[in-house]
Amino acid sequence: MSMERAGLVIWDVDGTLIAADADDEGIDESHQQLDEVVTEEESEPEGDQPAYPGAADTLKILDAHGLVQTVLTETPRSAAEITLRAAGLDRHIDFDIGAFGSDARDRSDLPAVVATRFESKYGKPLSPARTVVIGDAPHHIAYARHARFGVIVVAHRTLREELAQHSPDAIVDALYPNVVAALVESLTSTWP
């Protein structure tokens, strides 16, 4: 699929692709300390944050459908790369266009970082109609809506009922690859 037709999937990391160690609402604290801790753990063959069932297959099927995939996370880039590599989930992620905690203090500014990096790398503006955020919390819905992106949330850590109160486009109970792929396609079916 050419870039003219390809869409973009923006993944949250902790709680969406991998099990989170703790609540990441207050992640704006010291990114340098997190970098140091994750760098120390880089040599370990297995990370302590396992991938959720279906995560690897979902990334693979979306890649096979020609979708570009990146991450938007409150953690530093190095931490996200190391964590996803340790979980075996880095292969289909374009980290160069991602947005990370060190890029903006206000998480609602992070989608604009992705848009700027996408245009710089691919030579065309990012189309909100071709972009879907996949997260697991109400704040993921909020920043997707702020950027006019589609949004799918996974009820890994937050109850479906609570997520529904924030009006995402879709809620899934787990990362079922074919279900997620169909939802992404339906959200971007208005492509020209």
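Here the structure is a predicted model, which means the values were calculated and not measured.

Each value, and the rule that gives it
- Residues numbered from 1 in each chain as written.
- Predicted model: local features only at pLDDT ≥ 70, side-chain atom pairs only at ≥ 80, totals over all residues.
- Heavy atoms only, no water.
- Helix = DSSP H or I, 4+ residues; strand = E, 2+ residues; numbered from the N terminus.
- Buried < 20%, exposed > 50% of the residue type's maximum accessible area, 1.4 Å probe, protein only.
- Phe/Tyr/Trp six-rings, centres within 6.5 Å; stacked < 30°, edge-to-face > 60°.
- Pairing = 2+ DSSP bridges.
- Arc of directions from axis to C-beta.
- Contact = heavy atoms within 4.5 Å.
- Axes fitted to C-alpha atoms, helices over the stretch in contact; angles between N-to-C directions.
- Parallel < 35°, antiparallel > 145°, perpendicular 65-115°, else oblique.
- Left-handed = near helix turned anticlockwise from the far one by under 90°.
- Nonpolar A, V, L, I, M, F, W, Y, C, P; charged D, E, K, R; others polar.
- Salt bridge = Lys/Arg side-chain N within 4 Å of Asp/Glu carboxyl O.

### What about the overall build of the protein chain?
Part 1: A tally of regular secondary structure across the protein chain gives seven helices and five strands.
Part 2: Each helix (α) and strand (β) of the protein chain, taken in turn from the N terminus, gives the series β-α-α-β-α-α-β-α-β-α-β-α.
Part 3: Across the 192 residues of the protein chain, 48% fall into the buried class.

### Points about the packing of aromatic side chains
Part 1: Overall, the coordinates contain one aromatic pair when judged by the stated rule.
Part 2: Arranged with centres 4.9 Å apart and planes meeting at 40°, the rings of F118 and Y122 form a pair that is tilted. With a gap of four residues between them, F118 and Y122 both fall in helix α4 (residues 110-122), about one helical turn apart.
Part 3: Judged by its relative accessible area of 4%, F118 is buried.

### A short note on the pairing of strand β3 (residues 131-135)
Part 1: Counting buried positions over the five residues of β3 gives five, a clear majority of the element.
Part 2: Alternating positions in β3 separate into two faces, T131, V133 and G135 on one and V132 and I134 on the other, with burial throughout.
Part 3: Two elements, strand β1 (residues 8-11) and β3, share four bridges in a ladder whose sense is parallel. Within β3, the position partnered with L8 by the bridge is T131.

### Looking at helix α7 (residues 177-187)
Part 1: Looking only at α7, the buried set comprises V180, A181 and V184. On an axial view of α7, the arc spanned by its buried residues comes to 100°, and they lie on one face. Relative to its buried face, α7 has exposed residues pointing more than 90 degrees away, namely N178 and E185.
Part 2: Those residues of α7 that are buried lie in contact with β1, α2 (55-64), β3 and β4 (150-154).

### Describing the environment of I18
Part 1: Residue placement: I18 occurs in the loop between β1 and α1 (31-41).
Part 2: On the basis of relative accessibility, which here comes to 0%, the residue I18 falls in the buried class.
Part 3: In this structure, the C-alpha to C-alpha distance between I18 and A87, residues 69 residues apart in sequence, is 7.6 Å.
Part 4: Setting aside chain neighbours within four positions, we find I18 in contact with V13, Q49, P50, A51, Y52, T83, L84, A87 and L89.

### Here we look at the packing of α2 against α7
Part 1: In the contact formed by α2 and α7, the axes pass within 8 Å of each other and the chain directions differ by 40°. Taken together, α2 and α7 sit at an angle that is classed as oblique. As for the relative orientation of α2 and α7, their crossing is right-handed in sense. Between α2 and α7, the residues in contact are D57, T58, I61 and L62 and P177, N178, V180, A181 and V184, respectively.
Part 2: In the contact of α2 with α7, the residues fall into six nonpolar, two polar and one charged.

### With respect to the pattern of salt bridges
Part 1: On inspection of all chains with the given rule, the structure shows nine salt bridges.
Part 2: When the shortest N-O distance is used, the salt bridge between E74 and R107 registers 3.0 Å. With a gap of 33 residues between them, E74 in the loop between β2 (68-71) and α3 (77-86) and R107 in the loop between α3 and α4 connect regions that are remote in the sequence.
Part 3: According to the relative accessible area criterion, E74 is buried, its value standing at 3%.
Part 4: A salt bridge links R160 to D173; its shortest N-O distance comes to 3.2 Å. With R160 in helix α6 (residues 160-164) and D173 in the loop between β5 (170-172) and α7, this residue pair connects regions lying 13 residues apart in the sequence.
Part 5: Ionic contacts of the salt-bridge type, sharing partners, join the residues R77, E81, D94, D96 and K121 into one network.

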